[in-house]
Amino acid sequence: MAEAPLPAIRSLPSWLLGRAAARGRDLVAGALAAEGLKMWHHVVLSAVRDLAPVAQADLGRGVRLDPKDLVGILNDLQSAGLVHRAPDPRDRRKNAVSLTDEGARTLVRCEKAAREANDELLAPLTAAERDQFTSLLIRISGTDG
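Caption draft 1: Structural context of the pairing of strand β2 (residues 83-88). Two strands pair when backbone bridges link them, and β2 and strand β3 (residues 91-99) are joined in this way by six bridges, in the antiparallel orientation. Looking across to β3, one finds that A86 is bridged to A96. Joining the antiparallel neighbours β2 and β3 is a turn of two residues.

Caption draft 2: Structural view of the pattern of salt bridges. Applying the stated criterion across every chain, the model contains 10 salt bridges. Residue R49 is joined to E111 by a salt bridge in which the shortest nitrogen-to-oxygen separation is 2.7 Å. Of this pair, R49 sits in helix α3 (residues 39-51) while E111 sits in helix α6 (residues 101-121); the two residues are 62 residues apart in sequence, bridging distant segments of the chain. For D91, the salt bridge is made with R93, and the minimal N-O distance between the two is 2.8 Å. The exposure class assigned to D91 is buried, which follows from its relative accessible area of 17%. One continuous salt-bridge network, built from bridges that share partners, spans E35, E102, R105 and R109.

Caption draft 3: Layout of the side chain of Q56. Tracing the backbone through its elements, the reader meets Q56 in helix α4 (residues 56-63). For Q56, a relative accessible area of 14% corresponds to the buried category. Residues contacting Q56, with those up to four places away along its chain left out, are L70, V71, L74, R85, N95 and V97.

Caption draft 4: Geometry of the nonpolar core. V44, L45, L59, L74, L77 and V97 are the most contacted members of the largest nonpolar core, which has 27 residues in total. Mapped onto this core, the elements with two or more residues apiece are α2 (13-33), α3, α4, α5 (67-79) and α6. At six residues, α6 tops the list of elements feeding residues into this core.

Caption draft 5: Broad picture of the packing of α3 against α6. Taken N-terminus to C-terminus, the directions of α3 and α6 make an angle of 125 degrees; their axes are 10 Å apart at the nearest point. The orientation of α3 relative to α6 falls into the category oblique. The element α3 and its partner α6 pack so that their crossing is left-handed. Counted together, H42, L45, S46 and R49 of α3 and T106, L107, C110, E111 and A114 of α6 form the full contact between these two elements. Residue classes in the contact of α3 with α6 are distributed as four nonpolar, three polar and two charged.

The rules behind the values
- Residues numbered from 1 in each chain as written.
- Predicted model: local features only at pLDDT ≥ 70, side-chain atom pairs only at ≥ 80, totals over all residues.
- Heavy atoms only, no water.
- Pairing = 2+ DSSP bridges.
- Helix = DSSP H or I, 4+ residues; strand = E, 2+ residues; numbered from the N terminus.
- Salt bridge = Lys/Arg side-chain N within 4 Å of Asp/Glu carboxyl O.
- Buried < 20%, exposed > 50% of the residue type's maximum accessible area, 1.4 Å probe, protein only.
- Contact = heavy atoms within 4.5 Å.
- Core = buried A, V, L, I, M, F, W, Y, C linked by side-chain atoms within 4.5 Å.
- Axes fitted to C-alpha atoms, helices over the stretch in contact; angles between N-to-C directions.
- Parallel < 35°, antiparallel > 145°, perpendicular 65-115°, else oblique.
- Left-handed = near helix turned anticlockwise from the far one by under 90°.
- Nonpolar A, V, L, I, M, F, W, Y, C, P; charged D, E, K, R; others polar.

Here you go:
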């Protein structure tokens, strides 16, 4: 079935950004699936690498993920041998999360897969256009990069 024309809606930057974001998510999700992971697994692995050892509660706040959801993701990652949880040496009441060696290797593969998926998404753009597009997205997203 053909999509309705809706030219007034389909010309809105918000509509176009949403469509581009959905395509980007699909490409990255497909690439990560080859590693047996989902996007939140990748986000959490990356944050653990950058912050480790990190208290589980601080990790959740850092990636803005509900604690219940984080527990499920960490359970998946720990079952796969990608992260290790142990009592936090600074506060034994908390869990500290660290990458395992296999987690670090998996993260390298995931980062490569995500970069390749993003390259596919941005293939119609020149290198200069990619840089400009990324800069513009940072500006309008309300993040500092």
